[in-house]
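So you can see what is in the structure, the chains are spelled out below.
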Amino acid sequence: QVQLVESGGGLVQPGGSLRLSCKASGSIVSINVMGWYRQAPGKQRELVAQIISGGTRNYADSVKGRFTISRDNAKNTVDLQMNSLKPEDTAVYYCNVGGLRYRDGATYYVRDFWGRGTQVTFSS
């Protein structure tokens, strides 16, 4: 009953900007961590950025100073503003939600969820 919907991926020029968004929906009570991972061809999936409920933000060294993560707890959304994009940023970006508490009927659960992924591709 919980779904993650990602948006904002697509074609972008090197040096350009893009904003990724992820919205969690369902009978959600609370969320601990929201963030973004990415996986480029032939490479391991890596953490890009995450933001914890208390406000702490973590960024991969490769994106520090260029990417900014934010969340809206009332809307259960997390955004990733990506500026000064480089060719090496090309990847499938996955929304990740950790410690999501939700209700299914009379039962409460705490689980992690992954989005389906959204592609960031560079134009010529």
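Bear in mind that the values here come from a model prediction, so they are computed numbers and not experimental data.

(A) Looking closely at the sheet that holds strand S8 (residues 67-72). Reading across the sheet, the four strands line up as S1-S3-S9-S8 and stay open at both edges, with antiparallel pairing between neighbours. Edge strands, defined here as strands with exactly one partner in the open sheet, are strand S1 (3-7) and S8. When strand polarity is set aside, the average angle formed by the axes of neighbouring strands in this sheet is 15°. Where S8 lies against strand S9 (residues 77-82), six bridges are found, and the strand directions are antiparallel. Residue pairing for S9: Thr 68 is matched across the bridge by Gln 81.

(B) Representation of the nonpolar core in the model. In this structure, Trp 36, Leu 80, Met 82, Tyr 93 and Leu 100 are the most contacted members of the largest nonpolar core, which totals 32 residues. When contributions to this core are tallied by element, the ones reaching two or more residues are strand S3 (18-25), strand S5 (33-39), strand S6 (46-52), S8, S9, strand S10 (91-104) and strand S12 (118-122). Broken down by element, this core gets its largest block of residues, six residues, from S10. Ignoring any residue separated from it by four or fewer positions in sequence, one finds Tyr 93 in contact with Glu 6, Leu 20, Trp 36, Tyr 37, Arg 38, Val 48, Phe 67, Met 82, Gly 117, Thr 118 and Val 120.

(C) Layout of the state of the cysteines. Applying the stated rule across the entire model yields one disulfide. Covalently, Cys 22 is tied to Cys 95 through a disulfide, its sulfur atoms 2.1 Å apart. Across the S-S bond linking Cys 22 and Cys 95, the dihedral sits near -85°, which makes this disulfide left-handed. Of this pair, Cys 22 sits in strand S3 while Cys 95 sits in strand S10, placing them 73 residues apart in sequence.

(D) Layout of the environment of Asn 76. Along the chain, Asn 76 turns up in the loop between S8 and S9. Asn 76 sits 66 residues away from Gly 10 along the chain, and the two C-alpha atoms are 23 Å apart. If near-sequence neighbours (up to four positions away) are discounted, Asn 76 is found in contact with Cys 22, Lys 23, Ala 24, Ile 28, Ile 31 and Met 34.

(E) Spotlight on the pattern of salt bridges. Enumeration over the complete set of coordinates arrives at four salt bridges. Taking the shortest distance from any N to any O, the salt bridge between Asp 89 and Arg 38 comes out at 2.9 Å. Separated by 51 residues along the polypeptide, Asp 89 in the loop between S9 and S10 and Arg 38 in strand S5 bring together distant segments of the chain. The residue Asp 61 makes a salt bridge to Lys 64 at a minimum N-O spacing of 3.1 Å. Taking the relative accessible area as the measure of exposure, Asp 61 reaches 65% and is therefore exposed. Residues participating in the shared-partner salt-bridge network are Arg 38, Glu 46, Arg 66 and Asp 89.

Thresholds, definitions, all that
- Residues numbered from 1 in each chain as written.
- Predicted model: local features only at pLDDT ≥ 70, side-chain atom pairs only at ≥ 80, totals over all residues.
- Heavy atoms only, no water.
- Pairing = 2+ DSSP bridges.
- Helix = DSSP H or I, 4+ residues; strand = E, 2+ residues; numbered from the N terminus.
- Axes fitted to C-alpha atoms, helices over the stretch in contact; angles between N-to-C directions.
- Core = buried A, V, L, I, M, F, W, Y, C linked by side-chain atoms within 4.5 Å.
- Buried < 20%, exposed > 50% of the residue type's maximum accessible area, 1.4 Å probe, protein only.
- Contact = heavy atoms within 4.5 Å.
- Disulfide = S-S within 2.5 Å.
- Salt bridge = Lys/Arg side-chain N within 4 Å of Asp/Glu carboxyl O.

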